[in-house]
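Chains, contacts and geometry: an overview
Each chain, letter by letter, is given below.
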Amino acid sequence: MQSNFIKTSMSGLIALTLCLPLSAQDNFSLKGSMPGLPDSLRVVLSDVEDPNGDFRTVATSFVSNGAFELNGDLKAPAMCTLYVQRYVPSRDEYATSFSTRVMAEPGAMMLSTEVPFDSLRNKRDVERHVRIDGSRSHSQFDSYLKTLMDLELKEKEAGYLSAKKYFASNGNEDTIVKYDAIKNAAKAELLKAQQEFIAAHPDYNISA
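Since the structure is predicted, the reported quantities are computational estimates derived from the model, not experimental observations.

Some thoughts on the nonpolar core
Counting residues in each nonpolar core, the largest one holds 28 residues, and the members touching the most others are Leu 45 and Leu 82. Only strand S1 (28-33), strand S2 (42-47), strand S3 (56-62), strand S4 (67-72), strand S5 (78-88), strand S6 (93-104), strand S7 (107-112) and helix H2 (117-120) provide two or more residues apiece to this core. With four residues, S5 is the single largest residue contributor to this core. Beyond its immediate sequence surroundings of up to four residues, Leu 82 is in contact with Leu 30, Val 43, Val 44, Leu 45, Phe 68, Leu 70, Phe 98, Ser 99, Thr 100, Val 102 and Leu 111. Judged by nonpolar contacts, the second largest core, of 13 residues, contains Met 103, Phe 141, Leu 148 and Tyr 204.

Comments concerning the confidence of the model for the protein chain
Where the model shows low pLDDT, its predicted coordinates should not be examined in detail. The pLDDT averaged across the protein chain works out to 88; a share of 88% of its residues lies at or above 70. Residue range residues 2-25 is modelled with pLDDT below 50. Its contacts to residues more than four positions away, or to other chains, number three contacts.

Observations regarding the packing of aromatic side chains
Counted by the stated rule, this structure contains seven aromatic pairs. Note on Tyr 144 and Phe 197: the rings are 5.4 Å apart at their centroids and 85° apart in plane angle, and the pair reads as edge-to-face. A residue pair is termed long-range when its members are at least 10 positions apart, and Tyr 144 in helix H3 (residues 136-168) and Phe 197 in helix H4 (residues 173-200) qualify at 53 residues. For the pair Tyr 144 and Phe 197, a shared accessibility class is recorded, and that class is buried. Taken together, the ring pairs in this structure connect Phe 141, Tyr 144, Phe 197 and Tyr 204 into an aromatic cluster.

Concerning the sheet that holds S4
Strand order in this open sheet of four strands is S4-S1-S7-S8, and the pairing throughout is mixed. Taken across any chain shown, the strands that pair with only one partner, and hence form the sheet edges, are S4 and strand S8 (131-133). The average undirected angle you get between the axes of adjacent strands in this sheet is 15°. The sheet contact formed by S1 and S4 spans six bridges and is antiparallel. The residue bridging Ser 29 from the neighbouring strand is Asn 71, located in S4.

Conventions we followed
Residues numbered from 1 in each chain as written. Predicted model: local features only at pLDDT ≥ 70, side-chain atom pairs only at ≥ 80, totals over all residues. Heavy atoms only, no water. Core = buried A, V, L, I, M, F, W, Y, C linked by side-chain atoms within 4.5 Å. Buried < 20%, exposed > 50% of the residue type's maximum accessible area, 1.4 Å probe, protein only. Helix = DSSP H or I, 4+ residues; strand = E, 2+ residues; numbered from the N terminus. Contact = heavy atoms within 4.5 Å. pLDDT = per-residue confidence, 0-100. Phe/Tyr/Trp six-rings, centres within 6.5 Å; stacked < 30°, edge-to-face > 60°. Pairing = 2+ DSSP bridges. Axes fitted to C-alpha atoms, helices over the stretch in contact; angles between N-to-C directions.

Set out below in structure tokens:
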């Protein structure tokens, strides 16, 4: 009887041990769908928190029947970028149709939107039209976006305008000074707002 108990316990322990690697590698999932999402698009989720730009691919999948599912290893909340990419045969590579930031965390998450794919990929404020459920960290990020997205877009537009005016004026010094001042003012305004948000929400993962 004792021998049977030992055998049963060992079998259970072995089974548990075999399951552990699978659980560790499959502790994150993100399912997504949107109207008009073509099949065979590639979907990539990258951890973009490394300040040196050494981004880590968390998961990769392909769209099938207008939906996708990503599964990967993510041990803690992380700022990620979700890339939806189309294959370009002439270049033999994938080009990004659109991307959106995601505060991903271990567990099951869901992406949804009412905006059709063709419309979404032409928007600069994609994150306003995409909903992420299942992540407390992303809910905190939504709070950040509601507060600062307009300033983020303003800072980006100022950067685009500065570059555009540089080329249009053939590097005219007065033009550069004028539009660089606009760009730097927008950048400073965004930084100040970010610092205020962090001070008001020090416990948010996004604040880190």
